[in-house]
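Chains, contacts and geometry: an overview
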Amino acid sequence: MVINNSLSSEKIINNNLSEEDLKKFREQGFIGPFKFMEADEVASLTKELKKITARAFFWKRLVAKIARIFKIQDHQIPSFVWGKAKWGKGLHATIPLMYKVSNDPVILDKISSILGDNVLQWSTQILSKTSDVDYPWHGDVEHIEWEGITVWLALSNVSDQTPMDIVTRTHALPNYTYPQELNRNEGIDLNDDQAVLEAAQKLDPECELLSMKLKPGEFFIFAGRLWHVPRIYSSLERTVMISQYSPPSEKIQIPTTFEPPITWKSSLPPCVLAKGKDDYGHNLVVEPPE
Ligand SMILES: [Fe+2]
């Protein structure tokens with residue numbers, strides 16, 4: 001299957017990463033922030049995305065409320081309540097506006113600069129949260145299994161009070177050592193910034209802790225394996241859109257646990273071929289939503 005992305009054909013400027021940006025991404029594990037849209041356009045986009053998502057997943061939200069009462073974990077909710085999305089990260093495959101935003105050339109051309117001509121999009125979700133202060137440092141469990149990159153698009157109530165903290169260069173540590181592993185094996189406290197940074201620097205002395213502070217309408221790109229933690233020091237509800245992309249050679253699955261040993265659902269998540277072709281055929285590739 002070959003798809004030519006032409007969602008915003010009027011944007012004919014070059015959105016690719018420069019050689020210098022690409023070098024920085026490969027070494028540091030992140031690049032950006034970049035401007036996606038004007039700050040005054042963000043509020044209406046966020047409102048629309050939230051409204052569509054709430055409407056599309058009415059039953060999911062009802063089931064989730066009941067599950068919370070019975071202390072059932074979100075990932076234990078059967079995937080059929082998500083419909084074609086199959087899981088909370090599958091919104092690119094069901095909501096046209098979500099697909100359109102996450103495949104805009106301003107974003108996709110940069111993704112393609114990193115991943116090459118063939119790009120599989122396997123996740124997009126909207127996250128609205130009021131507090132992440134106690135969230136631990138982590139590497140996303142999916143990327144223990146496969147490589148990819150993540151786009152973090154700042155929507156509403158995003159400020160210096162809602163940074164994404166990262167430790168640079170950790171995407172390329174030997175044998176991909178990740179924070180949860182260091183917690184298990186060495187008792188590193190994953191809520192202690194200094195301890196996490198020191199653990200990383202033991203493996204690569206050039207690692208640095210950075211706070212990515214974005215403005216509404218900006219995005220940055222990070223390697224899926226980079227150590228990270230979202231912070232919210234504000235009482236306002238912060239909304240971001242997170243999308244993930246990999247080469248079609250990677251086999252994409254849905255985790256059922258978030259602590260090793262990671263287990264995976266037998267049914268595959270919906271992926272969209274954002275660019276190029278899939279020569280592998282081992283993922284569930286679906287048509288973009290209409
Ligand atoms: Fe994460």
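Remember, it's a predicted structure, so these values are computed and weren't measured experimentally.

**Digging into the overall build of the protein chain**
A count of helical and extended segments in the protein chain gives eight helices and 10 strands. Taking all 290 residues of the protein chain together, 39% fall into the buried category. In the protein chain, the proportion of contacts linking residues at least 24 apart, taken out of those at least 6 apart, comes to 81%.

**Let's talk about the pairing of strand 9 (residues 270–275)**
Within strand 9, six of the six residues are buried, which leaves the element mostly enclosed by the surrounding structure. Sheet analysis places strand 2 (residues 119–129) next to strand 9, joined by three bridges and oriented antiparallel. Paired with Leu120 across the strands is Leu273, a residue of strand 9. Of the strand pairs in this sheet, strand 9 and strand 10 (residues 284–286) are connected by three bridges, and their pairing is parallel. When the sheet's bridge partners are listed, Val272 is paired in strand 10 with Val286.

**Side note on the sheet that holds strand 1 (residues 30–35)**
What holds strands together in a sheet is hydrogen bonding between their backbones, with the strands either parallel or antiparallel. Strand order in the open sheet formed by seven strands is 1-6-3-8-2-9-10, and the pairing between neighbours is mixed. The open sheet has two free edges, formed respectively by strand 1 and strand 10, since each of these has just one partner strand. The sheet shows a mean angle of 35° between the axes of neighbouring strands, taken without regard to direction. With respect to the sheet, helix 5 (residues 105–115) is in contact with strand 2, strand 3 (149–154), strand 6 (218–223), strand 8 (238–246) and strand 9, its orientation differing from that of strand 3 by roughly 155°.

**Thoughts on the environment of Gly224**
By the secondary structure assignment, Gly224 is in the loop between strand 6 and strand 7 (227–230). Its 21 C-beta neighbours within 10 Å are what place Gly224 among the buried residues. With 53 residues separating them along the chain, Gly224 and His171 place their C-alpha atoms 7.3 Å apart. Those residues in contact with Gly224, other than ones at most four positions away along the chain, are Asp140, His143, Glu147, Gly148, Ile149, Thr150 and Gln244.

**A closer look at the environment of Tyr176**
Mapped onto the secondary structure, Tyr176 falls in the loop between strand 4 (164–167) and helix 7 (179–186). For Tyr176, a count of 14 C-beta atoms within 10 Å corresponds to the partly exposed category. For the pair Tyr176 and Arg225, spaced 49 residues apart in the sequence, the C-alpha separation amounts to 7.7 Å.

**So, the confidence of the model for the protein chain**
Looking at the protein chain as a whole, the pLDDT averages 89, with 89% of positions reaching at least 70. Confidence drops under a pLDDT of 50 for residues 1–11, and excluding neighbours within four residues, the segment shows 19 contacts in the predicted structure.

**Structural notes on the sheet that holds strand 4**
Pairing is antiparallel in the open sheet, where three strands are placed in the order 5-4-7. Every interior strand has two partners, whereas the edge strands, strand 5 (209–212) and strand 7, have only one. Between one strand and the next, the sheet's axes are offset by a mean angle of 20°, whatever the strand orientation. Direction of pairing for strand 4 relative to strand 7: antiparallel, over a ladder of four bridges. Across the sheet, the residue bridging to Ile166 is His228, located in strand 7.

Criteria and thresholds
- Residues numbered from 1 in each chain as written.
- Predicted model: local features only at pLDDT ≥ 70, side-chain atom pairs only at ≥ 80, totals over all residues.
- Helix = DSSP H or I, 4+ residues; strand = E, 2+ residues; numbered from the N terminus.
- Buried ≥ 20, exposed ≤ 12 C-beta atoms within 10 Å, placed from the backbone.
- Contact = placed C-beta atoms within 7 Å.
- Pairing = 2+ DSSP bridges.
- Axes fitted to C-alpha atoms, helices over the stretch in contact; angles between N-to-C directions.
- pLDDT = per-residue confidence, 0-100.

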